Amino acid sequence: PIAQGNALELTFYWQTGQELTSSLTVFVHLVDGEGNIAAQRDSIPASGTRPTTGWAPGEVIEDHYTLLIREDVPPGVYYVRVGWYNATTGERVRLAVGGDFWLLPRRFRVVAGP
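Everything numeric here is computed off the predicted structure, so don't read it as measured data.

(A) Structural view of the side chain of glutamine 4. Within the element layout of this structure, glutamine 4 appears in the loop between strand E1 (2-3) and strand E2 (7-15). A polar side-chain atom of glutamine 4 sits 2.6 Å from the main-chain carbonyl oxygen of valine 73. Not counting the four nearest positions on each side in its chain, glutamine 4 is found in contact with Ile69, Arg70, Glu71, Val73, Pro74, Pro75, Val110, Val111, Ala112, Gly113 and Pro114.

Okay, here's the thing in structure tokens:
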């Protein structure tokens, strides 16, 4: 469980099989069962230090995110969705399997803070 007022720490590992010509931004959302965003963070990978245009094919990029769970976030079950977009155009990257984000399989429970 994550208490209101605390943070959820996440680490992603990214890899591309080809050179990327656009600088992409990651979005990480903590959402309730209806898809309403309770916490979010958008960033160029590695806190802005590793834009996708500089990735070498096959290179693994470690990318950390901290989502602050505000004290007014209602207790309950939440999910994390993550995806990519072009910040210049706002266009999200489409997945090969359809859609424009991944919903992580793990659930997170937010509980009342101290």
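There's plenty left to go through after this.
(B) Examining the pairing of strand E4 (residues 37-43) more closely. Of the pairings in the sheet, the one linking strand E3 (residues 24-31) to E4 comprises six bridges and is antiparallel in character. Within E4, the residue paired with valine 31 across the bridge is isoleucine 37. Taking the residues between adjacent antiparallel strands as the criterion, E3 and E4 are bridged by five residues, where glycine 35 takes a positive phi near 90°.

(C) Up close: the side chain of aspartate 63. Among the secondary structure elements, aspartate 63 is positioned in strand E5 (residues 60-68). The buried charged residue aspartate 63 lacks any salt bridge, with arginine 41 as its nearest oppositely charged partner at 7.9 Å. Look past the residues within four positions of aspartate 63 in its chain and what remains in contact with it is Leu10, Thr11, Phe12, Trp14, Val26, Pro45, Ala46 and Ser47.

Each value, and the rule that gives it
Residues numbered from 1 in each chain as written. Predicted model: local features only at pLDDT ≥ 70, side-chain atom pairs only at ≥ 80, totals over all residues. Heavy atoms only, no water. Helix = DSSP H or I, 4+ residues; strand = E, 2+ residues; numbered from the N terminus. Polar contact = N/O pair within 3.5 Å; in protein donor to acceptor, adjacent residues only side chain to side chain. Contact = heavy atoms within 4.5 Å. Pairing = 2+ DSSP bridges. Buried < 20%, exposed > 50% of the residue type's maximum accessible area, 1.4 Å probe, protein only. Lys, Arg positive; Asp, Glu negative; His and termini not counted. Salt bridge = Lys/Arg side-chain N within 4 Å of Asp/Glu carboxyl O.

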